[in-house]
Amino acid sequence: MASPMKVLVAGIGGMGASHALGYTKIPGFTVAGFVVAKNVDRAKKLAADLKLSIPIYTDYYKAMAEVKPDVVSINTLADTHAPYSIHAMRQGCHIFMEKPIAKTVAEAEEVARVAKETGRKLVIGYILRVHPAWTKFIELARTLGKPLIMRMNLNQQSFGHEWEVHKSFIANMPPLVDCGVHYVDVMCQMTRSKPKIVQGMAARVSDEIGPNEENYGALQVVFEDKSVGWYEVGWGPMMSKSAFFVKDVIGPKGCVSIDKDISGVDPSDVSKHTTVDSIIVHSSAMDGKGMPAQKDQVVRITDEPDHNELCKREQEYLYHAITENIDLTDHLADAVNSLKICFAAVDSYRSGRAIHL
């Protein structure tokens, strides 16, 4: 049996810690080191909790040189994604990287080019791709005919520590990009059509963020097949709880909606962002009297993995991609395209014009 692949985990915030846990549960991986920006004590505690005796670094490049990993897990802020991943791939490492793939479209294209050039496997952390309910949602949306009308949002009312985290995210990347790439990626999977026109809008509704930063944004995208998508995101203590969860797709043959009881749900609880109670399938077919020909179908979700389990499944996919030589060309193209759409929305609201792709 081959030896487990050594994993260097860079960044152990909420996502990085969950991914580190996932590696410890997969026999094909072994965690060989942590890289943190500052919080060494937190890293030591996580290592102890996971029963790991590993080095902890604050210098990524030193860690790379000393650990000599087979796999690098990049869970740091977006401005490090391109340099960290490119360096690691050129050292022969496979990569798991939290979304987005890079901080700019040009960097994203370079990351994808280096992955192709080096032949290394690069999996981007689109967590919805490993969620059974979301893959079913996409499958059902594809049965509705064309064009599709796709409506999605994820507003997060946040306070205290969560608001501090959101402010650090906002300083690094507009929310419309940071969170939007997930749901734009879902739209791209539903339509399998190229984006054509993007419009965006945004608002700064907090004095606690920079003068050129926004904590609310929305985009509209038109695809070549005439499908249209809408996405909205807002972060902060001022956001409405009632406007926190819409996931709905309409087509000529009917609509598919994620049904979720949001009463009592804390919108800042990341573990609840992917949960699905059921999917409602509505048919537009009518009887001879012009009334609905059939009742709505309710698809119950029996496999509802929690956040840590989803992170583990992402790492299992990475393992299979490496060991089974899975072609990730489309995976990387989708990651670049979703980033292009979200940045086009930012360009749109800052320039005051629609962006033609």
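Preceding this paragraph is the structure being described.
Residues numbered from 1 in each chain as written. Predicted model: local features only at pLDDT ≥ 70, side-chain atom pairs only at ≥ 80, totals over all residues. Heavy atoms only, no water.

> Lay out the pattern of salt bridges in plain terms, naming residues and giving numbers.
This model, assessed by the stated rule, comprises 20 salt bridges. Among the ionic pairs, K167 bridges to E164, the shortest N-O distance being 3.0 Å. With K167 and E164 both in helix α7 (residues 160-172), this residue pair falls three residues apart, about one helical turn. With a relative accessible area of 16%, K167 lands in the buried category. (Salt bridge = Lys/Arg side-chain N within 4 Å of Asp/Glu carboxyl O. Helix = DSSP H or I, 4+ residues; strand = E, 2+ residues; numbered from the N terminus. Buried < 20%, exposed > 50% of the residue type's maximum accessible area, 1.4 Å probe, protein only.)

> Outline the packing of helix α6 (residues 132-141) against helix α9 (residues 180-191), listing residues and values.
Packing of α6 against α9 brings their axes to within 9 Å, and their N-to-C directions diverge by 40 degrees. One finds that α6 runs oblique with respect to α9. In terms of crossing hand, the pair formed by α6 and α9 is right-handed. Across from W134, F137, I138 and A141 in α6, the residues of α9 making contact are Y183, V186, Q189 and M190. For the contact of α6 with α9, the class distribution of residues is seven nonpolar, one polar and no charged. (Axes fitted to C-alpha atoms, helices over the stretch in contact; angles between N-to-C directions. Parallel < 35°, antiparallel > 145°, perpendicular 65-115°, else oblique. Left-handed = near helix turned anticlockwise from the far one by under 90°. Contact = heavy atoms within 4.5 Å. Nonpolar A, V, L, I, M, F, W, Y, C, P; charged D, E, K, R; others polar.)

> Can you break down the packing of aromatic side chains residue by residue, with the values?
With the rule as written, the count across this model stands at nine aromatic pairs. Aromatic pair W134 and F137: ring centres 5.7 Å apart, planes at 85 degrees, arrangement edge-to-face. Placement of the pair is W134 and F137 together in helix α6, with a separation of three residues, close to one helical turn. On the accessibility criterion, F137 (0% relative accessible area) is buried. (Phe/Tyr/Trp six-rings, centres within 6.5 Å; stacked < 30°, edge-to-face > 60°.)

> I'd like a rundown of a nonpolar patch on the surface, residues and numbers included.
A grouping of I149, V222 and V228 is seen on the molecular surface, where their side chains present a nonpolar patch of about 180 Å² in accessible area. Looking at the secondary structure, you find V228 in strand β11 (residues 228-236). Its relative accessible area of 30% is what places V228 among the partly exposed residues. (Patch = residues over 30% accessible without salt bridge, like charges linked within 9 Å, V, L, I, M, F, W, Y side chains within 5 Å. Areas by Shrake-Rupley, 256 points an atom, 1.4 Å probe, with all protein chains shown as cover.)

> Can you explain the sheet that holds strand β5 (residues 94-98)? Please cite residues and give values.
Reading across the sheet, the six strands line up as β3-β2-β1-β4-β5-β6 and stay open at both edges, with parallel pairing between neighbours. Each edge of the open sheet carries a strand with a single partner, namely β3 (56-57) and β6 (122-125). Here four bridges tie β5 to β6, and the two strands are oriented parallel to one another. Bridge pairing in β6 links I95 to L122. In the packing of helix α3 (residues 60-67) onto the sheet, contacts are made with β1 (5-10), β2 (29-35), β3 and β4 (71-74), and the angle to β1 comes to roughly 170 degrees. Packing of helix α4 (residues 81-90) onto the sheet brings it into contact with β4, β5 and β6, and relative to β5 it is tilted by some 170 degrees. (Pairing = 2+ DSSP bridges.)

> An account of the nonpolar core is needed here, citing residue identities and associated values.
By size, the foremost hydrophobic cluster in this structure holds 87 residues, and its most contacted members are I101, M152, M190 and Y231. Dropping the residues within four chain positions of it, Y231 is found in contact with M152, N153, L154, L176, C179, G180, Y183, M187, G217, A218 and L219. Of all hydrophobic cores here, the second largest spans 24 residues; its members include I12, V31, A47 and A321. (Core = buried A, V, L, I, M, F, W, Y, C linked by side-chain atoms within 4.5 Å.)

> Break down the packing of helix α1 (residues 14-24) against helix α10 (residues 307-323) for me, citing the residues and quoting the values.
Packing of α1 against α10 brings their axes to within 8 Å, and their N-to-C directions diverge by 60 degrees. With respect to their mutual orientation, α1 and α10 come out oblique. Once α1 is placed against α10, the crossing between them reads as right-handed. Counted together, M15, S18, H19, L21, G22 and Y23 of α1 and H307, N308, C311, K312, E314, Q315 and L318 of α10 form the full contact between these two elements. Of the residues contributing to the contact of α1 with α10, the split by class is five nonpolar, six polar and two charged.

> Hey, could you go over the environment of Q294 for me, with residue numbers and the actual values?
Structurally, Q294 can be placed in the loop between β14 (278-283) and β15 (297-300). The class for Q294 is partly exposed, based on a relative accessible area of 49%. Along the backbone, Q294 and G33 are 261 residues apart, and their C-alpha atoms lie at a distance of 57 Å.

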